[in-house]
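Residue-level structural notes
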Amino acid sequence: MSALLVVLEGDAFARGRGQASACPEMAEAVRQAIRGRLAQAPARDARMARFLGAQREATARLAPEALAEIAGIAEGFGLDPAEVFEFLHLGCLADLAAAPADTDGCSAFSSRGVVAKNRDFRPEHKALQRVFLHRDPAWGGRSVLCLGSLGAPGAWSSGMNSDGFALADTQIPTADHGPGILRYFLMTRLLARCASVDHALAEIAALRHAGGGSLVLGDASGAAASVELRHSRVDVARGAWVAHTNHYVAAPDALAPVPHSAGRLAVLAAALSADPACDPRRLLGAHAPEAVCRHAPDPSPTLAGAVWD
């Protein structure tokens, strides 16, 4: 069995705690990645503090299992749950400070039952990348396979469940944040509950969202959808294929995206328009005319690619 595969079984707390049990040698690297990132975050002001407080209340109401998983992660890696919770919200906090900190270059698409994504993120997370197999008795026999980082809960990038429903996210800065379910918690919830794109879209429509980012969705029937998340609006697009990088398409935002986002989306759109069944690995590895696969000195190089079929 690959050392990159981590099997997590039990309730949310047990699955969170299981990360450290499976990878005890990575505890210090996890602590450094989380605390180092917290130390670089903008100074917290009263607005940020209010937002975090409201988010704890919203998460307890909308996704209590996420708080339980965070508690397990924190206990296992020797962290305070509040540190992990704030770490997961740093994108929102940077947006609130009008100072998006990460020039994320994630690219994702869904076409003909395949969901694919390049995970472009901070280099210190390269050693923390793992494939997680989650099994929870509360999921009625459903299991979830996902790509993410040690120290983060659930599907912190992309994943697929045993029904063949798959998803991937991209980070998009927005000035439109408010109390609601964080995208990272939403992703795990959808994989745990949904068998199809239609089911997932109904779940998304029924929730209030914290705002920020996009999701691409696909299922075994070949259905595909793209969802743009902001606190005051959710925009959905459907088609034979969908793709997303790091800017909003339905309506512009007050915060500017990373400069190469539009170019990467154009590369994806051109390839998928020409051949919706194109090799997803080759497309994720494209380096021209705009690089979908990112390399140093880009501050968010490609750490991993995932193809969920």
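It should be noted that the structure appears before, not after, this text.
Let me sum up the structure you'll find in this document. None of these values were measured; they are calculated from a predicted model. (Residues numbered from 1 in each chain as written. Predicted model: local features only at pLDDT ≥ 70, side-chain atom pairs only at ≥ 80, totals over all residues. Heavy atoms only, no water.)

1. Re the nonpolar core
Ranked by internal contacts, the top residues of the largest apolar core, which has 64 residues, are Leu 88, Phe 165, Phe 185, Leu 190, Leu 215 and Leu 217. Ranked by residue count, the leading element in this core is helix α7 (residues 183-193), at 7 residues. Filtering out sequence-adjacent residues up to four positions away, Phe 165 remains in contact with Gly 159, Met 160, Leu 190, Leu 191, Cys 194, Ala 195, Ser 196, Val 197, Ala 200, Leu 217, Gly 218 and Asp 219. (Core = buried A, V, L, I, M, F, W, Y, C linked by side-chain atoms within 4.5 Å. Buried < 20%, exposed > 50% of the residue type's maximum accessible area, 1.4 Å probe, protein only. Helix = DSSP H or I, 4+ residues; strand = E, 2+ residues; numbered from the N terminus. Contact = heavy atoms within 4.5 Å.)

2. Observations regarding the sheet that holds strand β11 (residues 241-244)
Ordered by their spatial adjacency, 4 strands build an open sheet running β11-β2-β3-β12, and the pairing between neighbours is antiparallel. This sheet does not close on itself; its edge strands, each paired only once, are β11 and β12 (302-308). Between one strand axis and the next, the sheet turns by 5 degrees as a mean value, whatever way the strands run. Along the sheet face, helix α9 (residues 261-274) touches β2 (107-111) and β11 and points at about 165 degrees away from the line of β11. (Pairing = 2+ DSSP bridges. Axes fitted to C-alpha atoms, helices over the stretch in contact; angles between N-to-C directions.)

3. Quick notes on the packing of aromatic side chains
Under the definition given, this model contains 4 aromatic pairs. Seen from their ring centres, Trp 156 and Tyr 184 are 5.6 Å apart, and the 75 degrees between their planes marks the pair as edge-to-face. Residue Trp 156 is located in the loop between β5 (143-149) and β6 (158-161), and its partner Tyr 184 is located in helix α7; the two are separated by 28 residues in the primary sequence. Judged on exposure class, the residue Trp 156 and its partner Tyr 184 are both buried. Three or more aromatic residues joined by ring pairs make a cluster, and in this case those are Phe 87, Phe 121, Trp 156 and Tyr 184. (Phe/Tyr/Trp six-rings, centres within 6.5 Å; stacked < 30°, edge-to-face > 60°.)

4. Side note on the environment of Pro 153
As for its placement among the helices and strands, Pro 153 is situated in the loop between β5 and β6. Each C-alpha atom of the pair Pro 153 and Ala 68 lies 9.7 Å from the other, and the pair is 85 residues apart in sequence.

5. Let's talk about the packing of helix α4 (residues 64-77) against helix α5 (residues 81-88)
Remark: α4 packs on α5, axes separated minimally by 8 Å, with the N-to-C direction vectors making an angle of 120 degrees. In this view, α4 runs oblique relative to α5, as classed from their interaxial angle. In terms of crossing hand, the pair formed by α4 and α5 is right-handed. Along the contact surface, α4 presents Leu 67, Ile 70, Ala 71 and Ala 74, while α5 presents Pro 81, Val 84, Phe 85 and Leu 88. Partitioned by chemical class, the residues of the contact of α4 with α5 number 8 nonpolar, no polar and no charged. (Parallel < 35°, antiparallel > 145°, perpendicular 65-115°, else oblique. Left-handed = near helix turned anticlockwise from the far one by under 90°. Nonpolar A, V, L, I, M, F, W, Y, C, P; charged D, E, K, R; others polar.)

6. Some words on the layout of surface pockets
Size it by volume and the second largest pocket reaches roughly 210 Å³. Lining of the second largest pocket is provided by 15 residues; of these, Glu 65, Trp 139, Thr 188, Arg 189 and Ala 192 occupy positions nearest its centre. Those elements that provide at least two residues to the lining of the second largest pocket are α1 (12-22), α4 and α7. At 6 residues, α7 tops the list of elements feeding residues into the lining of the second largest pocket. (1 Å grid on protein atoms, 1.4 Å probe; cavity = no way out; pocket = protein on both sides within 12 Å on 5 of 7 lines; lining within 4 Å. Points joined across faces, edges and corners; volume = space filled by probe spheres on them.)

7. Brief notes about the sheet that holds β6
The strand order across the open sheet built from 8 strands is β1-β4-β5-β6-β7-β8-β9-β10, with neighbouring strands paired in mixed fashion. Strands at the two margins of the open sheet, each flanked by one partner only, are β1 (5-9) and β10 (234-238). Averaged over neighbouring strand pairs, the angle between their axes works out to 20 degrees when direction is ignored. In terms of strand pairing, β6 meets strand β7 (residues 166-170) through 3 bridges, oriented antiparallel. When the bridges of β7 are listed, Ser 158 appears paired with Ala 168.

8. Overview of unusual backbone geometry
For residues besides glycine, phi is generally negative; the peptide bonds are generally trans as well. With an omega of 0 degrees, the peptide bond running from Ala 288 to Pro 289 counts as cis. Following Ala 296, the chain continues to Pro 297 via a peptide bond in cis, the omega torsion being 15 degrees. Summarising the element assignment, Pro 297 is placed in the loop between α10 (280-284) and β12.

9. Examining the state of the cysteines
The full count for this structure, using the stated rule, is 0 disulfides. With no disulfide of its own, Cys 194 lies 15 Å from the sulfur of Cys 146, the closest cysteine sulfur. In this structure Cys 194 comes out as buried when scored by relative accessible area, which is 0%. Summary of cysteine pairing: Cys 278 is not part of a disulfide, and the nearest cysteine sulfur, belonging to Cys 293, is at 16 Å. On the basis of relative accessibility, which here comes to 16%, the residue Cys 278 falls in the buried class. (Disulfide = S-S within 2.5 Å.)

10. Some words on the pairing of β2
Of all 5 residues that make up β2, 5 are buried, and the element is covered over most of its length. Judged by which residues are buried, β2 turns out to be covered on both faces: Ser 107, Phe 109 and Ser 111 on one side and Ala 108 and Ser 110 on the other are all buried. As paired elements, β2 and strand β3 (residues 114-120) share 5 bridges and run antiparallel to each other. Directly across from Ser 111, in β3, lies its bridge partner Val 114. Here β2 folds back onto β3 in antiparallel fashion, the turn holding 2 residues, of which Arg 112 has a positive phi close to 55 degrees. Pairing of β2 with β11 involves 4 bridges; the strand directions are antiparallel. From the neighbouring strand, Ser 110 faces β11, where its bridge partner is Val 242.

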